[in-house]
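The residues making up each chain are set out below.
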There are 2 protein chains.
Amino acid sequence: MSKLRSAPTLDDVAKLAGVSTATVSRCLNNPDQVVKATRERVQSAVDALGYMPNFAARVMAAKRTSTIGAIIPTMENAIFARGLQAFQEELHQHGYTLLVSSSAYNPEIEEEQIRTLVARGADGLLLIGHDRNPRIYEDLERRSISTLVAWSYLPDAQIASIGFDNRTAMAELANRVIELGHRKIGMISGISAGNDRARLRIEGVKDAVKQSNLSTSDLTIVETPYEIENGAEAFSKMMSHTKPPTAILCGNDVLAVGALHRAQEMKLQVPKDVSITGFDDIELARIATPALTTVHVPHREMGRKAALELVRMLENQGTGTSAQLATHIVERQSLGPPAGT
Amino acid sequence: MSKLRSAPTLDDVAKLAGVSTATVSRCLNNPDQVVKATRERVQSAVDALGYMPNFAARVMAAKRTSTIGAIIPTMENAIFARGLQAFQEELHQHGYTLLVSSSAYNPEIEEEQIRTLVARGADGLLLIGHDRNPRIYEDLERRSISTLVAWSYLPDAQIASIGFDNRTAMAELANRVIELGHRKIGMISGISAGNDRARLRIEGVKDAVKQSNLSTSDLTIVETPYEIENGAEAFSKMMSHTKPPTAILCGNDVLAVGALHRAQEMKLQVPKDVSITGFDDIELARIATPALTTVHVPHREMGRKAALELVRMLENQGTGTSAQLATHIVERQSLGPPAGT
DNA sequence: ATGAAAAATGCAAGCGCTTACATAACTGCT
DNA sequence: AGCAGTTATGTAAGCGCTTGCATTTTTCAT
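Residues numbered from 1 in each chain as written. Chains lettered and ligands numbered in written order. Predicted model: local features only at pLDDT ≥ 70, side-chain atom pairs only at ≥ 80, totals over all residues. Heavy atoms only, no water.

J.: What exactly am I supposed to notice about the side chain of Thr74(B) here?
T.: One can find Thr74(B) in the loop between β1 (67-72) and α5 (78-93). Sequence-distant contacts of Thr74(B), that is, excluding residues within four places in its chain, are made with Phe80(B), Ser102(B) and Tyr105(B). (Helix = DSSP H or I, 4+ residues; strand = E, 2+ residues; numbered from the N terminus. Contact = heavy atoms within 4.5 Å.)

J.: Explain the protein's contact with DNA strand C to me, please; I cannot follow it from the model alone.
T.: In the neighbourhood of DNA strand C, 24 residues make up the surrounding shell, with Thr23(A), Arg26(A), Thr38(A), Leu10(B) and Tyr51(B) lying closest. Here DNA strand C approaches the protein such that, of its atoms within 4 Å, sugar and phosphate make up 64%. Between Asn54(B) and DNA strand C, the recorded distance is 3.1 Å, taken from a backbone N or O atom to a phosphate oxygen. Within the residue set of the surface near DNA strand C, elements represented by two or more residues are α2 (21-29) and α4 (55-62) of chain A together with α2 (21-29) and α4 (55-62) of chain B. (Near = heavy atom within 4 Å. Polar contact = N/O pair within 3.5 Å; in protein donor to acceptor, adjacent residues only side chain to side chain.)

J.: Looking at this structure, how should I read unusual backbone geometry?
T.: Negative phi characterises most residues that are not glycine, and trans characterises most peptide bonds. Across the junction of Val270(A) and Pro271(A), the peptide omega takes the value 5°, indicating a cis bond. Positionally, Pro271(A) belongs in the loop between α11 (253-265) and β9 (275-277). Between Thr289(B) and Pro290(B) the backbone carries a cis peptide bond, its omega angle lying at -10°. As for its placement among the helices and strands, Pro290(B) is situated in the loop between α12 (283-287) and β10 (294-296). Look at Asp280(B): it is not a glycine, yet its phi comes out positive at around 125°. Relative to the elements of secondary structure, Asp280(B) occurs in the loop between β9 (275-277) and α12.

J.: I'm lost on the side chain of Ser275(B) in this one. Help?
T.: All names here are of chain B. With respect to the secondary-structure elements, Ser275 resides in strand β9. Residue class for Ser275 comes out buried when judged on its relative accessible area of 0%. Separated by 2.9 Å, the side chain of Ser275 and the backbone nitrogen of Gly336 make a polar contact. Excluding residues within four positions of it along the chain, Ser275 makes contact with His182, Thr246, Ala247, Ile248, Ser334, Leu335 and Gly336. (Buried < 20%, exposed > 50% of the residue type's maximum accessible area, 1.4 Å probe, protein only.)

J.: How do you make sense of empty space enclosed by the protein when you look at a structure like this?
T.: The rolling of a water-molecule-sized probe over the atoms marks out the regions of remaining empty space. With the rule as written, the count across this model stands at seven cavities of 30 Å³ or more. In terms of lining, the largest cavity is formed by 16 residues, of which the most central are Ile287(A), Ala288(A), Ile287(B), Ala288(B) and Thr289(B). Those elements giving two or more residues to the lining of the largest cavity turn out to be α11 and α12 (283-287) of chain A together with α11 (253-265) and α12 of chain B. Tallied by class, the residues present in the lining of the largest cavity amount to ten nonpolar, six polar and no charged. In this model, the second largest cavity occupies a volume close to 100 Å³. If you trace the second largest cavity, you find it lined by Phe55(A), Ala56(A), Val59(A), Arg120(A), Phe55(B), Ala56(B), Val59(B), Leu99(B) and Arg120(B). (1 Å grid on protein atoms, 1.4 Å probe; cavity = no way out; pocket = protein on both sides within 12 Å on 5 of 7 lines; lining within 4 Å. Points joined across faces, edges and corners; volume = space filled by probe spheres on them. Nonpolar A, V, L, I, M, F, W, Y, C, P; charged D, E, K, R; others polar.)

J.: Could you clarify how one ought to interpret the protein's contact with DNA strand D in this entry?
T.: Inspection of the region around DNA strand D gives 26 residues, with Leu10(A), Ser25(A), Tyr51(A), Thr23(B) and Thr38(B) positioned closest. Among all atoms of DNA strand D positioned within 4 Å of the protein, those belonging to sugar or phosphate total 61%. Arg26(A) places a side-chain nitrogen or oxygen 3.2 Å from a base oxygen of DNA strand D. At 3.4 Å, a backbone N or O of Met60(B) approaches a base oxygen of DNA strand D. Only α2 and α4 of chain A together with α2 and α4 of chain B provide two or more residues apiece to the surface near DNA strand D. Here the surface near DNA strand D takes five residues from α4(A), the largest share from any one element. Grouping the amino acids of the surface near DNA strand D by side-chain chemistry returns 14 nonpolar, nine polar and three charged.

J.: How do you make sense of the nonpolar core when you look at a structure like this?
T.: Among soluble globular proteins, nonpolar side chains are generally buried collectively. One finds Phe87(A), Ile276(A), Phe87(B) and Ile276(B) to be the most contacted residues of the largest nonpolar core, which totals 150 residues. Ile276(B) has contacts with Phe235(B), Ile248(B), Cys250(B), Ala256(B), Ala259(B), Leu260(B), Ala263(B), Val270(B), Leu292(B), Thr293(B), Ser334(B) and Leu335(B), leaving out every residue within four places of it along the chain. The next biggest cluster of nonpolar side chains, apart from the first, holds 30 residues, and it includes Val118(A), Ile136(A), Val149(B) and Ile159(B). (Core = buried A, V, L, I, M, F, W, Y, C linked by side-chain atoms within 4.5 Å.)

From the geometry alone we can't say anything about function, so treat these as descriptive.
Below, the structure written as structure tokens:
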């Protein structure tokens, strides 16, 4: 026996089957170019050897990886998981593999991850949100790597995006809050630097406030990382003011759940004493007590559409087309009219 | 200008810097083998060209990928996210990259994912739990891919594992439940087929029941996929019996939260009318109302230790050493004595 | 049967990198 | 200055696969 403990190669298979490596390669990649008898002979050789193609070698020779990379801010909350699941299912349908990594909302880590994925030969890339160093886009362009942005729809951006209008979505929710009679409003936002979703959601609230002739002093905004604990902390700080808000809009469901939990600890009734809203409509929002009024984002649809668009871009060499998805407010129990109405 | 729209190669860099490709390669991989002046010249060439090494080519030549693959059952709940985060941080420290994929608790998908990761050249693999087709272990062995199992500690298993004793951990919790006076017990477990963690947790409960001379008819077990909705469904079914249990142990926190939520919908007070416990101690457990009594699993420590052990295995060609981690019960509000005590 | 077109297979040139080995350029010492 | 020892750099052989082109085999209409 030769070369024990060393994975069999195409050559080994070819030898055993008594054909050339080219034929084996064709059997694996374009079976219909090979006559049935040969194909079967090759197949048994493959089975006998337990042959498995070497990905790196294949990539080198074929100059395509059929791999798409995605960089998401975090895996530690469910926001992206569901969309990515759909994304990967759809990609799989089309013969692509997904590589995921996370940036912990840190632009530098994100950039490093992009480089890693590119070096690994990702044919295409899915990025979350638009805000990042423009040099990155140039590099991607130069390497002609198809890139698509999700979770944010900005028709005029340099890069095509499949997403929703964060600003308008949040403005609608804020309008609803104001319409219910709230005049003193708080917002617990994620960190807006380098995060257009967070930034635009803030803008949305500001739009609504402006539109309804509230003074800007009636709106308090706090920025904090997207973690439950931070939502709780921000909430207690905000409620300790002399004239605390009667409604607090949170940048996402995670922050809202933190706020909700702290409210409960502080013996504040939601929504009687204070209303709290979220954004995203993840499972947590339904489960929370009281259930969270929030903005529903069509995560799965977004993932699926993004996959389709990216595949289209790759196969047609074309530049991407943006698409906007609709969001809607899901009214549950955490939002109500202010006390004394 | 030559070859527009084509990523620069080592050759391009070498030419521009006026050195050989070997020198450029050394600058990138073993900088101290190159004199400073040359190194700087090469560096500027790299910068000027925006050079980025081609991973596939590097792998082919070096025959290592410095990549570890991990296959987890799901990304859709936080159980694995935190451990994996620590795992990847530690790997990064040692110069390894992590590739993650998920199997949706489906053995066939898991097997396919393993093949994919192996084909991609993963030097090592992290798998969750022991139960799987033994052929897989043989293949891995044959290809000499270091493999480690986490989330389950089974000292006698074929493969080294870093984890905890699911059976004893669950037995302790069940003992505590019985000690509080419960005599009619329910268990909502995950699907145990192909999942040793689920199976062992069931065994743990059975152990406790046996030990305290309860009859087996006092224990009702239901298996259902690990989703909130399923926990809720299982809960209502279980409570609709003529003599429903006074305490329900759930296979993980996700199921428990589902049960908790349904209890609330059914106007059942927890723990007054019925006690509910979880397993894992994810964030959700603290946030739930009432907060969940559960078994704390040291996810981060497990991830970190697994990374260290895997790196050790890779660098010393050694076979792995198993390690057991301690779990402990976290008593919160969802467990109390049965009504009328 | 026979030859041209079609189908199946083989040949061999890379893909972009690493690395053993060979060679060249420096040290510092006498 | 000259030599041995050390350090820096160059040369070139692959790594395992795909694919354009050349060659052989099959098919089929005449």
